[in-house]
Amino acid sequence: MNTEHDIILFDGDCNFCTGWVLWVIKRDKKDRYRFSALQTTAAQQLISRQNLKWEGMESVILISNGIVYSKSDAALRIASGLGGIYKAASVCFIFPGGVRNFVYDFIAKRRYSWFGKRDQCFVPDEKLKGRFL
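Residues numbered from 1 in each chain as written. Predicted model: local features only at pLDDT ≥ 70, side-chain atom pairs only at ≥ 80, totals over all residues. Heavy atoms only, no water.

1. Section: the pairing of strand S3 (residues 61-64)
Of the two faces of S3, the one lined by Ile-61 and Ile-63 and the one lined by Leu-62 and Ser-64 are each fully buried. For S3 and strand S4 (residues 67-70), the ladder comprises four bridges, and the chain directions are antiparallel. Paired with Ser-64 across the bridge in S4 is Ile-67. Hairpin connection of S3 to S4: two residues between the antiparallel strands, including Asn-65 at a positive phi of 50°. (Buried < 20%, exposed > 50% of the residue type's maximum accessible area, 1.4 Å probe, protein only. Helix = DSSP H or I, 4+ residues; strand = E, 2+ residues; numbered from the N terminus. Pairing = 2+ DSSP bridges.)

See below:
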């Protein structure tokens, strides 16, 4: 596995999550991130190696330099990692993790009803294929 890139694992069935990943890709000018839907074999192998349990997981996962981040920690680190104006997202770290994750969980629990669920897991087109595991 190439470790020069941070890895983002996301719910490939979720319209909101997939849209967010495409938003990140468009702004990732430094080609920092690689992606995988949680439902893929590649993601399952990473999760297993990291001793995580994904069953029922309602979180984005960021693996950066061997460290695993989830929920608001992952989302804010990803945004900050894009640089530029998005680095301002790091100001949200002033709030305690419990508060940030309460908001994160509130959205995560409602994401399917608000944004819908895909009939099948997101599959990148040829242009984006190299960004996915």
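Still to come is the rest of the account.
2. Details of the sheet that holds strand S1 (residues 6-10)
Taken in spatial order, the four strands make up an open sheet running S2-S1-S3-S4, and their pairing is mixed. The open sheet terminates on both sides in strands that have one partner only, identified here as strand S2 (33-37) and S4. Geometrically, the sheet is characterised by an average inter-axis angle of 20° between neighbouring strands, direction not taken into account. This element, helix H1 (residues 15-27), spans S1 and S2 of the sheet and lies at about 155° to S1. Lying on the sheet, helix H2 (residues 41-49) is in contact with S1, S2 and S3; it crosses S1 at an angle near 110°. (Axes fitted to C-alpha atoms, helices over the stretch in contact; angles between N-to-C directions. Contact = heavy atoms within 4.5 Å.)

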